[in-house]
Amino acid sequence: MSDQPGGSTAAQPDRAETGDPAATGALAGRPLRAPGAPVLALLALGWLAAMLWSTREAISSATAGVTAVSLSAFALPGVISAALVAGAAVGLAAAEPVTRHRDRVTLRFAVAVGAGLLVGIAAALVIDQTYVGNTTTRTIASTTAAAAVIGGALAGARNGAVVGAVASATLGTLLFVVAFSAARDPLFNLFGAGDSQQSLVDAAAWVSRTESLLAGLIAGALAFGCLAWARRRAARVDQAVTGPRWPAYLVAGAGPGLLLLLAEVIIRIGGRSLIDLAAALSEADAVAQTSLGTSRVDNGIWVLFVGALTALVAFGRTLGPASDDDEPGSGTEATAADGSTTAGR
């Protein structure tokens, strides 16, 4: 048999011998997969269940319909943000195995949206069957379902590692905000809260800024850690994997803030009737709803910029200085296309 290019035994291009789908995707230059997606989905569903339960308990404990409306409006942002993250996490966990062997963008998006829809329907049914029947139940159920579907649609993006990093960092940020409530009273005293109204307002502003700053730092650190984990996992299969570039870290770090702002948009559109109903109860309720809405927007902006900056700085610290051997004309040997080496002059 001939070994010439036209012969049947002509040399074929080198191909990856590994059967690992992750290695095949890395060698083909595909985006990194999201590690630990099933675990993230379970954690996000657990957080959504916790938010639904706490909201039900708060509404059920209300002694009057007016109080139930006010409590529902206060609890709505927590439920919506949890549903958004749960839809994204479950959609990611469902879409990753489907597209592991082939890069099917349309199929991935359809599966992710379908998974988010299932989460939304389940959450809406739970709200409808377990919450006290009143005018607020339908609003909470429909808005929660919409948030879960939107989260699933976001999980249909091609770069699973970035989506996983955003969902993980957002979940970590939401957990931190709840844990931070234990430190609010000491911080109020630290920032000079006194008997005057102005001192209380100033202290509240500083507490809010501190919370947002810390939340942004946590979001950026978690986003960077998740992307670094995805890169190391892929590198164990293929040493040639270089990992995502800086725009991926920028998007992952800013992602939690963007999701918080998206949740606020969903609240103001889907939950508008509930917010307006709560604001109409009294002048104090109207001021409270306006103040809380502004505070959530400010918090989302802080988390967006601080998270993006933190992730970029963390990524930059992993970059070493350029080696002198990489400089042109450094005198090192260069490998030619045919495999021979030539000394630099």
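Overview of the overall build of the protein
Inference 1: When its secondary structure is counted, the protein shows 11 helices and two strands.
Inference 2: The secondary structure elements of the protein, listed N-terminal to C-terminal, are α-α-α-α-α-α-α-α-α-α-α-β-β.
Inference 3: Residues counted as buried form 40% of the 345 residues belonging to the protein.
Inference 4: A separation of at least 24 residues holds for 78% of the contacts in the protein among residues at least 6 apart in sequence.
Inference 5: Of the roughly 18200 Å² of accessible surface on the protein, 62% is carried by carbon and sulfur atoms.

Some thoughts on the packing of aromatic side chains
Inference 1: With the rule as written, the count across this model stands at three aromatic pairs.
Inference 2: Taking the centre distance of 5.6 Å and the plane angle of 45° together, the rings of Phe176 and Phe180 count as tilted. With Phe176 and Phe180 both in helix α6 (residues 160-180) and four residues apart, the pair spans about one turn of that helix.
Inference 3: Look at Phe176 and you get buried, because its relative accessible area is 16%.
Inference 4: Geometrically, the ring pair formed by Tyr249 and Phe315 is stacked, given 4.4 Å between the ring centres and 20° between the ring planes. On the criterion of sequence distance, the pair formed by Tyr249 in helix α9 (residues 246-270) and Phe315 in helix α11 (residues 283-317) is long-range, its members being 66 residues apart. For the pair formed by Tyr249 and Phe315, the shared burial category is buried.
Inference 5: Site record: aromatic cluster; members linked through ring pairs are Phe224, Tyr249 and Phe315.

Considerations on the pattern of salt bridges
Inference 1: With the rule as written, the count across this model stands at seven salt bridges.
Inference 2: Here Glu211 ties to Arg184 by a salt bridge, and the two come within 3.0 Å at their closest N and O atoms. Taken together, the positions of Glu211 in helix α8 (residues 197-237) and Arg184 in helix α7 (residues 184-190) put the pair 27 residues apart, joining distant regions of the chain.
Inference 3: Judged by its relative accessible area of 10%, Glu211 is buried.
Inference 4: Here Arg184 falls in the partly exposed class, since its relative accessible area comes to 25%.
Inference 5: For Arg268, the salt bridge identified is with Glu264, shortest N-O distance 2.7 Å. With a gap of four residues between them, Arg268 and Glu264 both fall in helix α9, about one helical turn apart.
Inference 6: Look at Arg268 and you get partly exposed, because its relative accessible area is 39%.
Inference 7: Here Glu264 falls in the buried class, since its relative accessible area comes to 6%.
Inference 8: Salt bridges sharing common partners tie together Arg33, Glu96 and Arg108.

Here we look at the confidence of the model for the protein
Inference 1: When the pLDDT values of the protein are averaged, the result is 80; 77% of them are 70 or greater.
Inference 2: Below pLDDT 50 for its whole length, residues 1-28 participates in 19 contacts with residues either more than four positions away or in separate chains.
Inference 3: The low-confidence segment residues 325-345 (pLDDT under 50) makes 16 contacts with residues lying over four places distant or belonging to another chain.

Quick look at the side chain of Arg108
Inference 1: In this fold, Arg108 is placed in helix α4 (residues 105-130).
Inference 2: Classification of Arg108 as buried rests on a relative accessible area of 3%.
Inference 3: A polar atom in the side chain of Arg108 sits 2.7 Å from the side chain of Glu96.

Let's talk about the nonpolar core
Inference 1: Formed by 68 residues in total, the largest nonpolar core has its most connected members in Leu48, Leu52, Ile80, Ile140, Leu227 and Ala252.
Inference 2: By residue number, the principal contributor to this core is helix α3 (residues 65-98), which donates 13 residues.
Inference 3: Beyond its immediate chain neighbours, meaning those up to four positions away, Leu48 contacts Val79, Ala82, Ala83, Ala86, Val119 and Ala123.
Inference 4: Among the nonpolar cores identified, the runner-up in size contains seven residues, and Leu92, Ala95, Ala155 and Val163 belong to it.

About the criteria used
- Residues numbered from 1 in each chain as written.
- Predicted model: local features only at pLDDT ≥ 70, side-chain atom pairs only at ≥ 80, totals over all residues.
- Heavy atoms only, no water.
- Helix = DSSP H or I, 4+ residues; strand = E, 2+ residues; numbered from the N terminus.
- Buried < 20%, exposed > 50% of the residue type's maximum accessible area, 1.4 Å probe, protein only.
- Contact = heavy atoms within 4.5 Å.
- Areas by Shrake-Rupley, 256 points an atom, 1.4 Å probe, with all protein chains shown as cover.
- Phe/Tyr/Trp six-rings, centres within 6.5 Å; stacked < 30°, edge-to-face > 60°.
- Salt bridge = Lys/Arg side-chain N within 4 Å of Asp/Glu carboxyl O.
- pLDDT = per-residue confidence, 0-100.
- Polar contact = N/O pair within 3.5 Å; in protein donor to acceptor, adjacent residues only side chain to side chain.
- Core = buried A, V, L, I, M, F, W, Y, C linked by side-chain atoms within 4.5 Å.

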